[in-house]
Amino acid sequence: MGRVYNFSAGPAVLPLEVLETAAMQMADYKNTGMSVMEMSHRGKVYMEIIEEAEALLRELMDIPANYRILFLQGGASSQFAMIPLNLLTSSRRADYVNTGLWSKRAIAECKKYGEVNVVASSADKFDYIPELDASKFDKDADYFHITTNNTIYGTKISYLPDTGAVPIVTDMSSSILSEIVDVNRYGVIYAGAQKNIGPSGLTIVIIRDDMIKEPAQSTPTMLSYKVHAENGSMYNTPATYSVYIAMLVFRWLKSLGGVSQIEKINKEKASMLYDFLDDSTLFAPNIKAPHRSIMNVTFVLPSEELNVKFIKEAEKSGLVSLKGHRTAGGMRASIYNAMPVEGVSTLIEFMKKFETENK
Ligand code: PMP
């Protein structure tokens, strides 16, 4: 069996070139006689890998010098705790926008350590982005938290509110590197790697220098940004192999023309799919413009029976992992950076055929 078109929400498709390079270098990395996953994280060979990963990410996202890049573990879910533990240092209050399950988890975690104000919410259905009304924001909040792209529902926050002096912290797990963002607008950007970056096990944190403070006293050492920043992400053993794959993915993205180029491709892929859904007499998109994600496209058929039939038949045609999140149902096509345009056009052709056969 050859490669399939994998629409998984994460862990997700990786560029074939990256997998092939990793396969070639698997047992003997650059004449070291060992695999990257077998070598010391403090050795010269590995240091070059992690330093290149950092330099490439800085270049790709145009990350200013006053931001640190941390290569951590524990997934975005650990950030839900690290953010309040490290950043609730003054008023001990934070503003949160609730746009889905991951926002809810972030909110629940923050409540353990301080006061949360949910300043906007789409909790009735999570199928839109609520209005972000600055008059409702707390001017003394320690930070303002959003989830940029809501993986489960297929919504995306596409404008940033004016939060004044309050730093914006965002969970960018499912949209990092998919389009240009102005890093200067954020205090902290965090993301689990397993969508646009590489394998799970690696969590990227991009944090402005002034946000790295002494955390709450009882904070576990491993949850302190200060400790990780002071130790160059080497306080303990980082997720060495995941960082190596991330480095290869960053090289691949750079060779394609960087984030501005992939943004064009991503927007083209998303428009192809949304245009089809908007015109279809059988399929219906879950999310209306302008709330739509360009990474996760969610849709439904008129009955659960048809949803099941579609997912099953698609799989037989090599179009896999189209089932929606267990809490959302329906279908979801995750079309991250590594999903080629042909994957999306093949999916659309299949959907057209399905539509004709099931009218
Ligand atoms: N935030 C978002 C937006 C996500 O999509 C996910 C996982 N799909 C998470 C957080 C949780 O990430 P992790 O499994 O890396 O903890």
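Here is what the cut-offs are and how they apply
Residues numbered from 1 in each chain as written. Predicted model: local features only at pLDDT ≥ 70, side-chain atom pairs only at ≥ 80, totals over all residues. Helix = DSSP H or I, 4+ residues; strand = E, 2+ residues; numbered from the N terminus. Pairing = 2+ DSSP bridges. Right-handed = clockwise from strand over helix to strand, strands pointing away. Axes fitted to C-alpha atoms, helices over the stretch in contact; angles between N-to-C directions. Parallel < 35°, antiparallel > 145°, perpendicular 65-115°, else oblique. Contact = placed C-beta atoms within 7 Å. Nonpolar A, V, L, I, M, F, W, Y, C, P; charged D, E, K, R; others polar. Core = buried A, V, L, I, M, F, W, Y, C linked by C-beta atoms within 7 Å. Buried ≥ 20, exposed ≤ 12 C-beta atoms within 10 Å, placed from the backbone. Domains from an automatic or database assignment.

Colleague: Explain unusual backbone geometry here, please?
Modeller: Glycine aside, a negative phi is what most residues show, and trans is what most peptide bonds show. Gly 10 connects to Pro 11 through a cis peptide bond whose omega is -5°. Pro 290 follows Ala 289 through a cis peptide bond whose omega is 5°. Here Pro 290 is to be found in the loop between strand S11 (284–285) and strand S12 (296–300). Positive phi outside glycine occurs at Phe 126, with the angle close to 55°. You can see Phe 126 is positioned in the loop between strand S4 (115–121) and strand S5 (143–147). With phi around 60°, Ser 233 is a residue other than glycine that occupies positive phi space. Structurally, Ser 233 is set in the loop between helix H5 (225–230) and helix H6 (240–256).

Colleague: I'm lost on the pairing of S4 in this one. Help?
Modeller: Every other side chain in a regular strand lies on the same face of the sheet, so the side chains alternate between the two faces. Of the strand pairs in this sheet, strand S3 (residues 93–98) and S4 are connected by six bridges, and their pairing is parallel. The residue of S4 that forms the bridge with Tyr 96 is Val 118. A crossover links S3 with its parallel partner S4, the connecting element being helix H4 (residues 101–111), and its sense is right-handed.

Colleague: Is there a simple way to think about the packing of H6 against helix H7 (residues 258–279) in this case?
Modeller: Packed helices, taken two at a time, are described by their axes: the angle between them and the distance between them. Across the interface, H6 lies against H7 with an axial gap of 7 Å and an inter-helix angle of 75°. Considered as vectors, H6 and H7 are oriented roughly perpendicular to each other. Mapping the contact onto sequence places Leu 253, Lys 254 and Leu 256 in H6 and Gly 258, Gln 261 and Ile 262 in H7. Taken together, the residues of the contact of H6 with H7 sort by class into three nonpolar, two polar and one charged.

Colleague: What's the story with the nonpolar core in this structure? I'm lost.
Modeller: Here is a general trend for soluble globular proteins: nonpolar side chains tend to be buried in one another's company. If you look at the biggest cluster of nonpolar residues, it comprises 100 residues, and the most contacted ones within it are Val 188, Val 243 and Ala 246. Split by domain, this core shows at least three residues from each of two domains, domain 1 (16–255) and domain 2 (258–357). Excluding its chain neighbours within four sequence positions, the residues that come into contact with Val 243 are Ile 49, Ile 50, Ala 53, Phe 71, Leu 202 and Pro 238. Ranked by size, the runner-up nonpolar core spans five residues in total, among them Ile 152, Tyr 153, Ile 287 and Ala 328.

Colleague: Even after reading the chapter, I still don't get the environment of Ala 108, so can you show me in this structure?
Modeller: Examined against the element boundaries, Ala 108 turns out to sit in helix H4. Judged by the 11 C-beta atoms lying within 10 Å of it, Ala 108 is exposed. For Ala 108 and Tyr 225, which are 117 residues apart along the polypeptide, the C-alpha to C-alpha distance reads 20 Å.

Colleague: What am I meant to see in the packing of H7 against helix H9 (residues 341–357) here?
Modeller: Closest axis-to-axis distance for the H7/H9 pair is 10 Å, and the angle between their directions is 5°. Here H7 lies roughly parallel to H9, going by the angle between them. On H9, the residues that touch Ile 265, Glu 268, Lys 269, Met 272, Leu 273 and Phe 276 of H7 are Val 341, Val 344, Ser 345, Ile 348 and Met 351. The residue makeup of the contact of H7 with H9, split by class, is eight nonpolar, one polar and two charged.

The values are spatial; any link to function lies outside them.
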